[in-house]
Amino acid sequence: MPRPGSDCPGLARAREARSLAGLLLEMPASWGERPLLRTRQPDGRWTSMARSQVRQSVLRIAAWLQGHGIRPGDRVGILSHNKAEWLMADFAILAIGSVTVPAYFTDPPEAVAHVFRDAGVSLILVEPGEQQQKLAGLDMPTLPLTGEGETLAAIAADAAWDGRLEAVEVSRDDLATLIYTSGTTGLPKGVMLTHGNILSDVAACIEAVSVWPDDVLLSFLPVSHAFERTVGHFLPMAAGGEIAYAESVNTLMRDIPEVRPTVMISVPRLYEKIYAGVQEKLHQGPAFKRFLFTQAQRLGAEQRRLRQQGRALRGGRAVAWGVLDRLVNAQLRRKLGGRLRLFVSGGAALNPKIARFLLSAGITVLPGYGLTEAAPVLSVNPLRRIKPDTVGPALPGVELRLSADGELLARGPMVMQGYWNRPQETAEAIDAEGWLHTGDKAVIDTDGYVRIVDRAKEIMVLSNGENVPPAVVEQHLAMDPCVLQAMIVADGRDYVAALIMPDVAMLQQYWQREQGRSLPRDWRRDAGVRDWMLGRMAAHTHDLASYMQVQRFMFVDEEWTQESGLLTPTLKLKRRLIVDLHKNDIRRLYAE
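Being a predicted model, the structure only gives us computed values, none of them experimental.

(A) Quick look at the overall build of the protein. Along its length, the protein carries 20 helices and 24 strands. A compact globule built from 592 residues should have a C-alpha radius of gyration of about 25 Å, and the protein, at 25 Å, falls within 12% of that. With respect to the principal axes defined by its C-alpha atoms, the protein has extents near 75 × 60 × 55 Å. Across the 592 residues of the protein, 56% fall into the buried class. Pairs at least 24 apart in sequence give 65% of the contacts found in the protein among residues at least 6 apart. Summed over all atoms, the accessible surface of the protein reaches about 25,100 Å², with 50% contributed by carbon and sulfur. Between the averaged position of the 68 positive side-chain charges in the protein and that of its 67 negative side-chain charges there is a distance of 8 Å.

In structure tokens form, the structure reads like this:
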């Protein structure tokens, strides 16, 4: 049985802390030598920093900041990949009552400049190289995190700064950070979050899903995003856990078995890749392996349902499950390090089919929901009862309800103070009764579990008046191993069309297997390939309404990425930009 979150030492610490910096600076004496930050070195070794060492480094950096004129309320920017220096910079800024303003390392120079100019930062702490080059032409003081000469890393190691920090009274009501909404449209706005906003969310998360001092979290989502910052950065600091930094998203499947994390937070893309990898192996393997997988999934789902009722498989079914679990599921769990207690999914909707696949394989995944404006987590599935097609019930201390038109509204101590220098937008987002208007259409069941339908602004209306939630259709399309990415078009049109980024290798394999011949040379325009692909789409969307079925599609040539500005940091599609990029293709889809 899982240990109750109410017993976690991190819960009391988050509730009682006077500031976010206090989570580190006022840690229990017995935690001093516990490892806090783990980093992979170029030679493949992982090295750790103890909490006492991180604390000392933060105090030195904070003293340096004070000595260079940074005062309470001043904004200080950070532009870097996830690393130990990012965390130390953040806690040093917070310790002196200043305000951390992170920018996304995936953003182009103009977007980075907008964030730092809009916030009016006094100093930018920046990763040298490509990130520092983005600041060219920006007339603001900078300090490199690492490298030669005066750097944040050098300051952290300089004992000359010991004892020089002047005490600053920081309260839960003070502004802690401006997090600029990644946004799928328009210029990002600075979300104002206080120390109390984030501490309240950390406490609510720990109460809902326990995290312990012996937990290890693997950090790979950008810490500049609210989800990683709260749950992968501040929460383990409160709970006493260790943070290991993945070298990059591309090395994740190498880093996971090396780190052997117990807790991971991720957006759905990771789970989709795990599912696609399993499907690819099944496709390439013999039929009996596919049969064993199907049986393992069936018994795993039954075992999960029984466990949530306090029961278990019995007799021959229990024996069969034990054998199948060792033969089919154990290898996947080993690839995930072998001691993973749970995944938490957020940032975008997780396809329930993928959630059920993981759960049936004995891998706990907890779908949740939130937004930057709520620091950010508002709901999560509890371990005791997981409903994969929902994002769980409200966190402790959070109120959720639906407006008359089905929009999800939220209220609680984690809701933002407003948008930086945007009083009109703030008034539109938070009403007079303190309800945050999330912009998401949702349904709440009789148990209080929330199911997100789609972004209210993104729901498409066909010319016949039918509403099409694009994310739902795209999730179904992405279940096909041949589809790497999918985006539908439907608003104001007679039918649904799609732009498809194929996984070419998988497309070739499945076509060869099903058609008994090689993929045509001009396969992107081949009528036979088109009809075959439409048939696959119909099979994957058979449970959707007929008006939501894709009638026409077009293959696109290049993947949509964060680097190209077409995905947000949580890998959501920037629809307006993608539509503009492919406007001629879309025109042809509806002209044929």
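And the narrative resumes.
(B) Region of interest: the packing of aromatic side chains. A complete count under the given rule lists eight aromatic pairs for this structure. Seen from their ring centres, Tyr-275 and Phe-357 are 5.2 Å apart, and the 80° between their planes marks the pair as edge-to-face. Here Tyr-275 is found in helix H11 (residues 268-284), whereas its partner Phe-357 is found in helix H14 (residues 352-360), with 82 residues between them in sequence. Residue class for Phe-357 comes out buried when judged on its relative accessible area of 3%. Between the aromatic rings of Phe-553 and Phe-555, the centroid separation amounts to 5.0 Å while the plane-to-plane angle is 80°, which identifies the pairing as edge-to-face. Here Phe-553 falls in the buried class, since its relative accessible area comes to 8%. According to the relative accessible area criterion, Phe-555 is buried, its value standing at 7%. By the ring-pair criterion, three or more aromatic residues cluster together here, those being Tyr-275, Phe-293 and Phe-357. A cation sits over an aromatic face here: Lys-189 above Tyr-419, 4.9 Å from the ring centre. Directly above the ring of Trp-435 sits Arg-401, whose terminal nitrogen or CZ lies 4.6 Å from the centroid.

(C) Region of interest: helix H12 (residues 287-308). Here H12 is 22 residues long and its end C-alpha atoms lie 32 Å apart, about the 32 Å a rise of 1.5 Å per residue gives. Of the residues making up H12, those classed as buried are Phe-293, Gln-295, Ala-296, Gln-297, Leu-299, Gly-300, Ala-301, Gln-303, Arg-304 and Leu-306. Next to the buried residues of H12 lie H11, helix H13 (315-335) and H14.

(D) Quick peek at the nonpolar core. Core analysis: the largest hydrophobic core is formed by 127 residues, its most contacted members being Leu-37, Val-54, Leu-65, Leu-125 and Phe-343. Here this core gets 10 residues from one element, more than from any other, and that element is helix H4 (residues 84-95). Dropping the residues within four chain positions of it, Phe-343 is found in contact with Met-264, Leu-270, Tyr-271, Ile-274, Leu-336, Ile-363, Thr-364, Val-365 and Leu-366. In terms of nonpolar packing, the next biggest core, distinct from the first, is built from 29 residues, Leu-462, Ile-500, Tyr-510 and Met-548 among them.

(E) Highlighting unusual backbone geometry. With omega at -10°, the peptide bond leading from Ala-375 into Pro-376 counts as cis. Locating Pro-376 in the fold gives a position in the loop between strand S13 (365-370) and strand S14 (377-380). Positive phi, normally seen in glycine, also occurs at Arg-260, with a value near 55°. One can find Arg-260 in the loop between helix H10 (252-259) and strand S11 (263-266). What makes Arg-260 partly exposed here is its relative accessible area of 36%. Of note in this structure, Ala-375 is not a glycine but carries a positive phi near 70°. Relative to the assigned elements, Ala-375 resides in the loop between S13 and S14. Owing to a relative accessible area of 0%, Ala-375 belongs among the buried residues under this scheme.

(F) Geometry of the sheet that holds strand S24 (residues 550-555). Spatial ordering of the open sheet is given by S22-S23-S24, a layout of three strands whose pairing is mixed. Of all the strands in the sheet, just strand S22 (483-489) and S24 have a single pairing partner and so form its edges. Taken pair by pair, the neighbouring strands of this sheet meet at an average axis angle of 30°, ignoring direction. Sheet topology note: the strand S23 (residues 496-502)/S24 ladder contains five bridges and is parallel. Looking across to S24, one finds that Val-496 is bridged to Val-550. Of the strands in this sheet, S22, S23 and S24 are in contact with helix H16 (residues 470-478), which crosses S22 at around 150°. Contacts between helix H20 (residues 583-591) and the sheet are confined to S22, S23 and S24, with S23 contributing the most and set at about 130° to the helix.

(G) Spatial organisation of the sheet that holds strand S16 (residues 407-411). Reading across from one edge, S15-S16-S18-S19 is the order of the four strands in this open sheet, with antiparallel pairing throughout. Looking along the sheet, the strands with just one partner apiece sit at the ends: strand S15 (399-402) and strand S19 (450-455). Here the strands of the sheet are splayed against their neighbours by 50° on average, with no regard to which way each runs. Across four bridges, the pairing between S15 and S16 is antiparallel. For Leu-400, the partnering residue across the bridge sits in S16 and is Ala-410.

(H) Up close: the packing of H11 against H14. Running from N to C, H11 and H14 point in directions that differ by 70°, and their axes come no closer than 10 Å. Of the possible angle classes, the one that applies to H11 and H14 is roughly perpendicular. Every pair of crossing elements has a handedness; the one defined by H11 and H14 is left-handed. From H11, Tyr-271, Glu-272, Ile-274, Tyr-275 and Val-278 reach across to H14, where they touch Lys-353, Ile-354, Phe-357 and Leu-358. In the contact of H11 with H14, the residues fall into seven nonpolar, no polar and two charged.

Procedures and definitions
Residues numbered from 1 in each chain as written. Predicted model: local features only at pLDDT ≥ 70, side-chain atom pairs only at ≥ 80, totals over all residues. Heavy atoms only, no water. Helix = DSSP H or I, 4+ residues; strand = E, 2+ residues; numbered from the N terminus. Rg over C-alpha atoms; globule rule 2.2 N^0.38 Å. Buried < 20%, exposed > 50% of the residue type's maximum accessible area, 1.4 Å probe, protein only. Contact = heavy atoms within 4.5 Å. Areas by Shrake-Rupley, 256 points an atom, 1.4 Å probe, with all protein chains shown as cover. Lys, Arg positive; Asp, Glu negative; His and termini not counted. Charge placed at Lys NZ, Arg CZ, Asp CG, Glu CD. Phe/Tyr/Trp six-rings, centres within 6.5 Å; stacked < 30°, edge-to-face > 60°. Lys NZ or Arg CZ within 6 Å of the ring centre and 35° of its normal. Expected span 1.5 Å × (residues − 1). Core = buried A, V, L, I, M, F, W, Y, C linked by side-chain atoms within 4.5 Å. Pairing = 2+ DSSP bridges. Axes fitted to C-alpha atoms, helices over the stretch in contact; angles between N-to-C directions. Parallel < 35°, antiparallel > 145°, perpendicular 65-115°, else oblique. Left-handed = near helix turned anticlockwise from the far one by under 90°. Nonpolar A, V, L, I, M, F, W, Y, C, P; charged D, E, K, R; others polar.

By themselves these figures say nothing about function.
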